[in-house]
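Each chain is listed here by its residues.
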Amino acid sequence: MRTMDSAAGTALTSADCARIVLNRLAYGPRPGDVDRVVSMGVMRWVNQQLDPRRDRARATLESQFRIQKLHREDLARRFVAEREARRQAKADSMAAANDPAVREFRELEGEFQQLAAARAVMADNQLEEVLSDFWINHFNVFLGKGADRFLLPSYVEETIRPRVLGRFEDLLIATAESPAMMVYLDNTLSVAKGAIPPQLARAEMRSLRWYSPRADSAIARIRARIPSGINENYARELFELHTLGVDGGYTQTDVQEAARILTGWGIDPPERGAGFTFRDWAHDDGEKHVLGVRFRAGRGRGEGDELLRMLARHPATMLHVTTQLCQRFIGDDPPAATVEAGVLAWKHSHGSVREVVRAIVVTPEFWATAGARAKFKTPLEFVVSSIRAVGGTVGTDPGPAHAIARLGEPLYQQPVPTGYVETSMGWANSAALFERMNVAVQLAAGRLPGVDMDLETLVPISDDPDSMIDRVDRALLSGEMSPHAREVIRQQVEGLPPQQARALAVGLGLGGPDFQQQ
Amino acid sequence: MDSLRFAPVSRRAFLRAGALALVSLGLDPLFLDRAAFAREPAAPGRRRVLVCLFQRGAVDGLSMIVPHGDPLYYRERPRIAIPADQALDLDGHFGLHPALSGLLPMWRQGALAPVLAVGSPDLTRSHFDAQDYMESGTPGVKSTADGWLNRCAQHAAEHKNTVFQSVAFGPQLPRILAGSAPALAITDLRAFGIRAGGPGVRDKLTRAFEQLYNESATGIVASSAAEGFQAVQTLQRIQPAEYRPENGAEYPKGKLGSSLMQIAQLIKADIGLEQAFADAGGWDTHIAQGAGEGQLATRLRELGDSLEAFALDLGDRMRDVVVLTMSEFGRTVAENGSIGTDHGHATAMFVMGGGVRGGRVAGQWPGLDPAQQFQGRDLAVTTDFRDLFGEILVRHAGASDLTAVFPGHDASPDRFPGVMTA
């Protein structure tokens, strides 16, 4: 059945089309997925992914995770207890490691990382998972920084995930006012020059009435601790990474002015749940100018909302973010026509991610480059697509998350605000390639921790190596295995018992060069 | 020691006197060897090695090399300045951060040159861009595909390329080594290659994957795989798991110490290493950076102690090695509202090893006066990083054509900061 013609003129079968969308809008096909998508219609599947209904498979998975039942306040309490336990253990790292509070917190962190990997494997609404990873990476927050150790789960669940297909503007504002981002990029420490917090003002009032040396030293202590000016960290990354892009035409003065606008955006201390709070005393009340636009003085938090909306709607933002989406869905150098179509859809839909993705998918170029398998998989994409390809299932055991970390992409642990790179330059090197081969061989032998699978349903045991390799080819490489690869695998399995031969063929298939591309 | 180069004594006499002086200071005599560092060609079978350490996150140069003789420094940094009585004085005006005491032995032997106010002509304060420029070697030009260290290897015709010619420690190949000359990324020499299965299975799998990648892979995937398979063969010969540091060297625990230990091992194995690269992160001290002790001090201690162990471990092999530290930019002269520092302009770098004209602070000091500060907030750049790197490439790594390594830069020896003996 020929349904769609690529720009190059080669006709694609609907099975080809199904494989393209499953490799790009999802984490690769599971056994039977291609047939399922073909029979329901490729575009119908795409539309369903763009307007997802309740995902039962994901809900079942999530119910196994303890961390899903804990709210930010619960985690905050555990964080405070963990910090206290560490303080008491002081330099004794063994005592600290064995403390129940420390151990529980570490387990929860591991579970949290595994939840991301497990959802990517198990969820039916695959596009939601792909975009969750994309936005979490775009608005990167490092799990290792202070209060972010307990703020990240609510950042992922409440800030990012509900908005992955919504309007970019809403996502941007949600991240800006998220406690996790404010801690990560220090905005909570950014205050107007000379601002005096109420506690200090009160202490000073008291000391005016009754002079006492003790009160004076208390004031000195508070003074030493409080921030005494703006911190540009968030404002800079807001321009460079989150919105306009580094060539987006802003200046150092714009960064400083934006930082002034965002003074006062902060959080409560962890002991009080670490929720968003706007602190009037810390806000800079003066007039500001960003990108030539005047921000009238004295409007408090409203100035920040105005700034974020302006940046979200800026043409440079549309181009920057759409290009990144195209790199994610297509490859390192996405076709210009696809980027243009995405930007146009952004304009028409006021920044609806759903419409931008839809516009990218319906360009002829999206289908034309398909045959090239243009994108080198990131470690997350490689591990998840491998597990899906062999029909594996996963749960709370952190094995898959550990495998992804070994390949160089420990989840939520990128300390720098750029997030992980999407392009092949960042991932294709000799050590990482060996790790991929190791994971492939482990998985095929049924020895990748945390993965349940049965190769028998994928490739039934057979005495005939050729038909066995045919099945492996169809299951893992859409029947596109090169004659050379077939020859190499054929030689390797020669003389092996059928079960071993099958594991070896699957391991070589997953670890070989073709499966690294999507 | 600088003046001794003009002293009318024989080299041998100087060495003896120097040895006594150092022993009386309580220093390990093993370092004495290195007082005799000369720029002779490397011994047969040995190669000159350049080790680059990237302090990602923009290290505060004013805390590494402390201008303790400048009252403005203390005025701008009331809470984070390194007190003058804690800085390890170098020349009466500048001193090392006290956590860098591991570098003192090299300094005393004249094998360490701290370089002031190094940086990029580009104005960006973005970590990402500034690192990119420092690694591509083309500030302001984003389209440069390869890194300067790789370009240097491309043009070095002296030796035949070997797979271990350029090695970066870490899970990813850094931008500085991207390019057509072979380069390896290795996290741990002992765990490099196929590990699944027993020894027999391992070899079989390795051969099978090698055949798959030989024929099918293209571009960067193909070249990375080919280099990987060659490296596995070499490593089987040198047995990385058996390595023991020499001369009582103790590397600090952590990534940097482990990387430097493995670099030392590769140097001693004589398998063709010429360029080594390692990362040290954690320098982006926007909040609570500390002074003599604290966050930044902890990172500096790891740096200094790792380099001390490295020099000790290499012993007389250090004469073939130069270590260069670099960071994408420096930090604001004044402390910020959170007892830290924000992104600035110039920073400081270290050059250490054989042939280094050390024992003196190199680079021109631009001053801390607000009128002398760059954009009224940062230390100004007086040495373009390409002039520093270029000098090391020419005088240590044997580069003859700097225009190929730093295209678009007029690399004249007149602008070299003079960190190497000519």
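It should be emphasised that the depicted structure is a prediction, and the values quoted were computed from it without experimental measurement.

## Some words on the overall build of chain B
For step 1, the next point in the chain: Counting its secondary structure elements, chain B contains 13 helices and 11 strands.
For step 2, the next point in the chain: Counting every position in chain B, which comprises 422 residues, the buried fraction comes to 60%.
For step 3, the next point in the chain: In chain B, the share of contacts with a sequence separation of at least 24, taken over all contacts with a separation of at least 6, comes to 74%.
For step 4, the next point in the chain: Carbon and sulfur atoms form 52% of the exposed surface of chain B, whose accessible area is close to 15700 Å².

## Here we look at the pairing of strand 8 (residues 275-280) of chain B
All names here are of chain B.
For step 1, the next point in the chain: Within strand 8, 5 of the 6 residues are buried, which leaves the element mostly enclosed by the surrounding structure.
For step 2, the next point in the chain: As judged from the 6 bridges shared by strand 1 (residues 49-55) and strand 8, these two strands associate in the parallel manner. What sits directly across from Cys 52, in strand 8, is Phe 277.

## A short note on the side chain of Thr138(B)
Residues and elements named next belong to chain B.
For step 1, the next point in the chain: With respect to the helices and strands, Thr 138 occurs in the loop between helix 6 (127-136) and helix 7 (148-155).
For step 2, the next point in the chain: By relative accessible area, which is 5% here, Thr 138 ends up buried.
For step 3, the next point in the chain: Residue contacts for Thr 138: discarding those within four places in its chain leaves Tyr 133, Thr 144, Arg 151 and Pro 407.

## Considerations on the domain arrangement of chain A
For step 1, the next point in the chain: Taken domain by domain, chain A consists of domain 1 (195-228) and domain 2 (379-516).
For step 2, the next point in the chain: The gap between the C-alpha centroids of domain 1 of chain A and domain 2 of chain A is 62 Å.

## Some points on helix 25 (residues 465-477) of chain A
Residues and elements named next belong to chain A.
For step 1, the next point in the chain: Given a rise of 1.5 Å per residue, 13 residues ought to cover 18 Å, and the 17 Å separating the end C-alpha atoms of helix 25 matches this to within 8%.
For step 2, the next point in the chain: Looking at the packing, one finds that the buried side of helix 25 touches helix 21 (379-389), helix 26 (483-493) and helix 27 (498-511).
For step 3, the next point in the chain: If you check the start of helix 25, you find a side-chain oxygen 3.1 Å away from the backbone N of Asp 466, and it comes from Asp 464.

## Looking at unusual backbone geometry
As a rule of thumb, non-glycine residues mostly have phi less than zero, and peptide bonds are mostly trans rather than cis.
For step 1, the next point in the chain: Phi is positive for Leu291(A), which is not a glycine, with a value near 50°.
For step 2, the next point in the chain: In this fold, Leu291(A) is placed in the loop between strand 5 (288-290) and strand 6 (293-295).
For step 3, the next point in the chain: The class of Leu291(A) is partly exposed, set by a relative accessible area of 24%.
For step 4, the next point in the chain: A positive phi angle is found at Ala288(B), which is not glycine, with a value near 40°.
For step 5, the next point in the chain: Here Ala288(B) shows up in the loop between strand 8 and helix 11 (295-314).
For step 6, the next point in the chain: Residue classification places Ala288(B) among the partly exposed residues on the basis of a relative accessible area of 47%.

## What about the pairing of strand 1 of chain B?
All names here are of chain B.
For step 1, the next point in the chain: A large share of strand 1 lies buried, amounting to 7 of its 7 residues.
For step 2, the next point in the chain: In the sheet, strand 1 pairs with strand 9 (residues 321-326) via 6 bridges, with the strands oriented parallel. Residue pairing across strands places Leu 53 opposite Thr 325, the latter belonging to strand 9.

## Some thoughts on the environment of Glu274(B)
Residue and element names in this part refer to chain B.
For step 1, the next point in the chain: Its location among the elements puts Glu 274 in the loop between helix 10 (255-269) and strand 8.
For step 2, the next point in the chain: Its relative accessible area of 13% is what places Glu 274 among the buried residues.
For step 3, the next point in the chain: Residues Glu 274 and Phe 164, spaced 110 residues apart in sequence, show a C-alpha to C-alpha distance of 8.0 Å.

## Brief notes about the sheet that holds strand 11 (residues 383-384) of chain B
For step 1, the next point in the chain: Strand order in the open sheet made by the 8 strands is 7-6-8-1-9-10-5-11 (chain B), with mixed pairing throughout. Either end of the sheet is taken by a strand with one partner, and the two such strands are strand 7 (184-186) and strand 11 of chain B.

## Regarding the packing of helix 17 (residues 315-329) of chain A against helix 18 (residues 336-349) of chain A
Residues and elements named next belong to chain A.
For step 1, the next point in the chain: Packing of helix 17 against helix 18 leaves a shortest axis separation of 9 Å and a crossing angle of 130°. Classed by the angle they form, the pair helix 17 and helix 18 counts as oblique. For the pair helix 17 and helix 18, the sense of crossing is right-handed. On the side of helix 17, the interface is formed by Thr 317, Met 318, Leu 319, Val 321, Thr 322, Thr 323 and Cys 326, while helix 18 contributes Thr 338, Val 339, Gly 342, Val 343, Trp 346 and Lys 347.
For step 2, the next point in the chain: Partitioning the contact of helix 17 with helix 18 into residue classes produces 7 nonpolar, 5 polar and 1 charged.

## Regarding empty space enclosed by the protein
All names here are of chain A.
For step 1, the next point in the chain: Here the structure, examined in full by the defined rule, presents 8 cavities of 30 Å³ or more.
For step 2, the next point in the chain: The volume enclosed by the largest cavity comes to roughly 280 Å³.
For step 3, the next point in the chain: Forming the walls of the largest cavity are 23 residues, and the residues nearest its centre are Asp 133, Ile 136, Leu 380, Leu 411 and Tyr 412.
For step 4, the next point in the chain: A per-element tally of the lining of the largest cavity places helix 8 (residues 126-138) first, with 5 residues.
For step 5, the next point in the chain: Residues that form the lining of the largest cavity fall into these classes: 11 nonpolar, 5 polar and 7 charged.

## So, the interface of chain B and chain A
For step 1, the next point in the chain: The interface of chain B with chain A comprises 47 residues on the first partner and 53 residues on the second.
For step 2, the next point in the chain: Carbon and sulfur atoms make up 60% of the surface buried where chain B meets chain A, a total of about 4100 Å² over both sides.
For step 3, the next point in the chain: On the chain B side of the interface with chain A, the three residues burying the most area are Phe209(B), Leu212(B) and Tyr213(B), jointly 14% of the side's total.
For step 4, the next point in the chain: On inspection of chain B and its partner chain A, the count reaches 2 salt bridges.
For step 5, the next point in the chain: Here Arg377(B) ties to Glu232(A) by a salt bridge, and the two come within 2.8 Å at their closest N and O atoms.
For step 6, the next point in the chain: If you list the elements that add at least two residues to the side of chain B that touches chain A, you get helix 6, strand 7, helix 8 (199-216) and helix 9 (219-238) of chain B.

## Points about the nonpolar core
For step 1, the next point in the chain: Of all hydrophobic cores here, the largest spans 234 residues; its most connected members are Trp135(A), Leu307(A), Phe329(A), Val51(B), Phe164(B), Phe209(B) and Phe310(B).
For step 2, the next point in the chain: With 10 residues, the top contributor of residues to this core is helix 11 of chain B.
For step 3, the next point in the chain: In contact with Phe310(B), other than residues within four places in its own chain, are Val51(B), Tyr251(B), Leu260(B), Ile263(B), Ala264(B), Ile267(B), Met318(B), Val321(B) and Val323(B).
For step 4, the next point in the chain: Grouped together as the second largest cluster of nonpolar side chains are 34 residues, Ala113(B), Trp148(B), Met349(B) and Phe385(B) included.

Rules and cut-offs
Positions within a chain are numbered from 1, following the residues in the order the chain's sequence is written. Chain A is the first chain written and ligand 1 is the first ligand written, with later ones labelled in order. In keeping with the predicted nature of the model, local features appear solely for residues at pLDDT of at least 70, side-chain atom pairs appear and are counted solely at 80 or more, and the whole-chain, interface and lining totals rest on all residues. The side-chain numbers reported here are obtained from all heavy atoms of the structure, hydrogens and water having been left aside. Helix and strand definitions follow DSSP, with helices as H or I runs of at least four residues and strands as E runs of at least two, each counted in order from the N terminus. Only protein chains enter the accessibility calculation, which uses a 1.4 Å probe; a residue is then buried when its area is under 20% of its type maximum, exposed when over 50%, and partly exposed in between. Contacts are residue-level and defined by heavy atoms, with any inter-residue pair within 4.5 Å sufficient. Accessible areas in this description were obtained via Shrake-Rupley with a 1.4 Å probe; residue shielding takes into account the shown protein chains only. Strand pairing is assigned whenever DSSP identifies at least 2 bridges connecting the two strands. Start and end positions for the domains come from either an automated domain assignment or a database one. Multiply 1.5 Å by the residue count of a helix minus one, and that product is the helix's expected span. Pairs of N or O atoms within 3.5 Å make up the polar contacts considered here, provided that, within protein, one atom can donate a hydrogen while the other can accept it, and that residues adjacent in sequence are counted only when both atoms are side-chain atoms. To obtain an axis, a line is fitted to C-alpha atoms, over the contacting stretch when the element is a helix, and the angle between two such axes runs from 0 to 180 degrees between their N-to-C directions. Our angle categories are set so that under 35 degrees counts as roughly parallel, over 145 as roughly antiparallel, 65 to 115 as roughly perpendicular, and the remainder as oblique. Two helices crossing with the near one rotated counterclockwise from the far one by less than a right angle form a left-handed crossing, whereas a clockwise rotation gives a right-handed crossing. We call Asp, Glu, Lys and Arg charged. Ala, Val, Leu, Ile, Met, Phe, Trp, Tyr, Cys and Pro are nonpolar, and the rest, Gly among them, are polar. Of the two site types, the cavity is a set of points on a 1 Å grid over the protein atoms alone where a 1.4 Å probe fits but cannot get out, and the pocket is an open set with protein on both sides within 12 Å along at least five of seven lines, each lined by residues with an atom within 4 Å of a point. Grid points are joined across faces, edges and corners, and a volume is the space filled by probe spheres set on the points. What gets called buried area is simply the loss in accessible area from a 1.4 Å probe that two parts show on being joined, summed for both. When a carboxyl oxygen of Asp or Glu is within 4 Å of a side-chain nitrogen of Lys or Arg, the pair counts as a salt bridge. Residues enter a nonpolar core if they are buried and are Ala, Val, Leu, Ile, Met, Phe, Trp, Tyr or Cys, with the set joined through side-chain atoms within 4.5 Å.

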